[in-house]
Amino acid sequence: MRAQAAEPGSKEQVVTKKDMKRVQVLMSTYNGEKYIAQQIESILRQKHVHVFLLVRDDGSRDSTWNILNKYSAEYQNVHAYAGENIGTQKSFFNLLTHADLQMDYYAFSDQDDVWHSQKIYRAVQILESKAGHQPLLYAGNVICASENLKLRKHNYCPVRRQPSFGNALVENICRGCTEVFNKSLFDLVRTHPPRCAILHDWWLYMAASCFGEVYFDDKAYILYRQHGRNQVGMPDTLWKRWKHRFLNVESLRGMLSVQAEDFTYVYKDMPIKSRELSLMNGYRQDRKKKQAILMGDTVYRQSLIDQLLYKILFGINYL
């Protein structure tokens, strides 16, 4: 769903301290000494929200931990704890188990980006406009930036169709560094940790689109720094996009069906009425399920090229 909200800084924006929401930002770090201070500073400059930063260090071997200790000592709203190196995905799920249960909203953060001062408030505005207590997830576009942040290019994520569970089963359009989510989604994911999730942000997209709603914002409020150590980079040329496409296909071999089966198992105590999930479960062994995926359009990728490619891969039981 495309998000609509008043622009940060507009005349409509009047926020009192009493109205400000409590938002905890969850960050995982690993050997991030080069950029971590700049990112923390941008988080601490967030406007119109009470921001709290919780950092888990994933076994850094550089001075990252010393930097985190410095900020923890200086700011009451910054806390950090150290852990063994378990990888980015598991580290973020571990952060969910250590987060403050009394927050209004939660957000994920990478260690090397720079945020617009009203990034979180933009998301909160949109999520606050939705009634009810269902799981809600906000995600948006990014501005790709060079390592020194001088060269910038807006990255328009081609979301040609509405975010949905059928899309989430085969594609993640929600970058973790842009994700902000409500207490309902936080509780849901924290109490139902996955066993075989491909990515932490992808799992949130699946959970929110299955049990609640997802709002994708075309606008960007983050400088997404590109450098040689990115966990997930942003291909900016035709050749890099095709290379990224094939590397992505290789990394997902056999994983989409496994992730769908894990989602079914993890949420077995909740009613899931999804034909798309049923089709993904065991499609390799069921010719009718495979045919329904190939002939239908409710399990889909956003790009038409990707959609065609993934139909072929489903046809040969690759995914």
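The structure we're discussing is the one just above.
The structure presented is a predicted model; accordingly, all values stated were derived computationally and were not measured. (Residues numbered from 1 in each chain as written. Predicted model: local features only at pLDDT ≥ 70, side-chain atom pairs only at ≥ 80, totals over all residues. Heavy atoms only, no water.)

A. A look at the overall build of the protein. Counting its regular elements, the protein contains 12 helices and nine strands. Within the protein, buried positions represent 52% of all 319 residues. For the protein, the share of sequence-separated contacts (at least 6 apart) that also reach a separation of at least 24 residues comes to 81%. As displayed, the protein has an accessible area near 15400 Å², and 53% of this comes from carbon and sulfur atoms. (Helix = DSSP H or I, 4+ residues; strand = E, 2+ residues; numbered from the N terminus. Buried < 20%, exposed > 50% of the residue type's maximum accessible area, 1.4 Å probe, protein only. Contact = heavy atoms within 4.5 Å. Areas by Shrake-Rupley, 256 points an atom, 1.4 Å probe, with all protein chains shown as cover.)

B. Just the environment of L95, in detail. In this structure, L95 sits in helix 3 (residues 88-98). Assessed through its relative accessible area of 0%, L95 is described here as buried. Each C-alpha atom, one on L95 and one on Y81, is 9.6 Å from the other, the two residues being 14 residues apart in sequence. When near neighbours in sequence (up to four residues on either side) are disregarded, L95 contacts L26, M27, S28, L54, V55, R56 and Y81.

C. Representation of the packing of helix 3 against helix 6 (residues 183-191) within the structure. Two elements in contact, helix 3 and helix 6, have axes whose closest approach is 10 Å; the angle formed by their N-to-C orientations is 115 degrees. When the interaxial angle is binned, helix 3 and helix 6 end up roughly perpendicular. At the point where helix 3 passes helix 6, the crossing takes the left-handed sense. Between helix 3, through F93, L96 and T97, and helix 6, the contact on the second element is made entirely by F186, V189 and R190. Residues belonging to the contact of helix 3 with helix 6 are distributed by class as follows: four nonpolar, one polar and one charged. (Axes fitted to C-alpha atoms, helices over the stretch in contact; angles between N-to-C directions. Parallel < 35°, antiparallel > 145°, perpendicular 65-115°, else oblique. Left-handed = near helix turned anticlockwise from the far one by under 90°. Nonpolar A, V, L, I, M, F, W, Y, C, P; charged D, E, K, R; others polar.)

D. View of the pattern of salt bridges. The tally for this structure, following the rule as stated, stands at 10 salt bridges. Residue D262 pairs with R195 through a salt bridge whose shortest N-O separation is 2.7 Å. Here the residue D262 occupies a position in helix 9 (residues 255-266), and R195 occupies one in the loop between helix 6 and helix 7 (200-211), the gap between them amounting to 67 residues. A salt bridge links D306 to R301; its shortest N-O distance comes to 3.2 Å. Among the charged side chains, a network of salt bridges with common partners joins K183, D187 and R190. (Salt bridge = Lys/Arg side-chain N within 4 Å of Asp/Glu carboxyl O.)

E. Spatial organisation of the packing of helix 11 (residues 287-295) against helix 12 (residues 304-315). Across the interface, helix 11 lies against helix 12 with an axial gap of 10 Å and an inter-helix angle of 170 degrees. Between helix 11 and helix 12, the angle is such that the two are roughly antiparallel. Residues K290, I293, L294 and M295 of helix 11 touch helix 12, and the partners they reach there are K311, F314 and G315.

F. The arrangement of unusual backbone geometry in detail. Of note, H48 is a non-glycine position whose phi angle comes to about 65 degrees, a positive value. Looking at the secondary structure, you find H48 in the loop between helix 1 (36-44) and strand 2 (49-58). The backbone of L149 sits at a positive phi, close to 70 degrees, despite the residue not being glycine. Residue position: L149 is located in the loop between strand 6 (136-145) and strand 7 (152-155). Of the residues examined, L149 reaches a relative accessible area of 9% and is grouped as buried.

G. Expanded view of the pairing of strand 3 (residues 78-83). Where strand 2 meets strand 3, six bridges bridge the pair, whose relative direction is parallel. Each bridged residue has a counterpart across the sheet, and for L54 the counterpart in strand 3 is H79. Handedness of the crossover joining strand 2 and strand 3 through helix 2 (residues 64-74) is recorded here as right-handed. (Pairing = 2+ DSSP bridges. Right-handed = clockwise from strand over helix to strand, strands pointing away.)

H. Quick look at the packing of aromatic side chains. If you walk through the whole model with that rule in mind, you get 12 aromatic pairs. When the centroid spacing of 6.1 Å and the interplanar angle of 20 degrees are considered together, the rings of F211 and F263 count as stacked. Pair noted here: F211 is in helix 7 and F263 is in helix 9, with a separation of 52 residues, a long-range link. Connected via pairs of aromatic rings, a cluster forms that spans F92, Y106, F108, F181 and F186. (Phe/Tyr/Trp six-rings, centres within 6.5 Å; stacked < 30°, edge-to-face > 60°.)

I. Up close: the side chain of S28. If you trace the backbone, S28 turns up in strand 1 (residues 21-29). A relative accessible area of 10% places S28 in the buried class. A distance of 2.7 Å separates polar atoms of two side chains, one belonging to S28 and the other to S91. Excluding residues that lie within four positions of it along the chain, S28 makes contacts with R56, D58, S91, F92, L95, S109 and Q111. (Polar contact = N/O pair within 3.5 Å; in protein donor to acceptor, adjacent residues only side chain to side chain.)

J. Focus on the environment of K273. Here K273 shows up in the loop between helix 9 and helix 10 (275-280). For K273, a relative accessible area of 85% gives the class exposed. A C-alpha to C-alpha distance of 9.8 Å links K273 and F211, two positions 62 residues apart in sequence.

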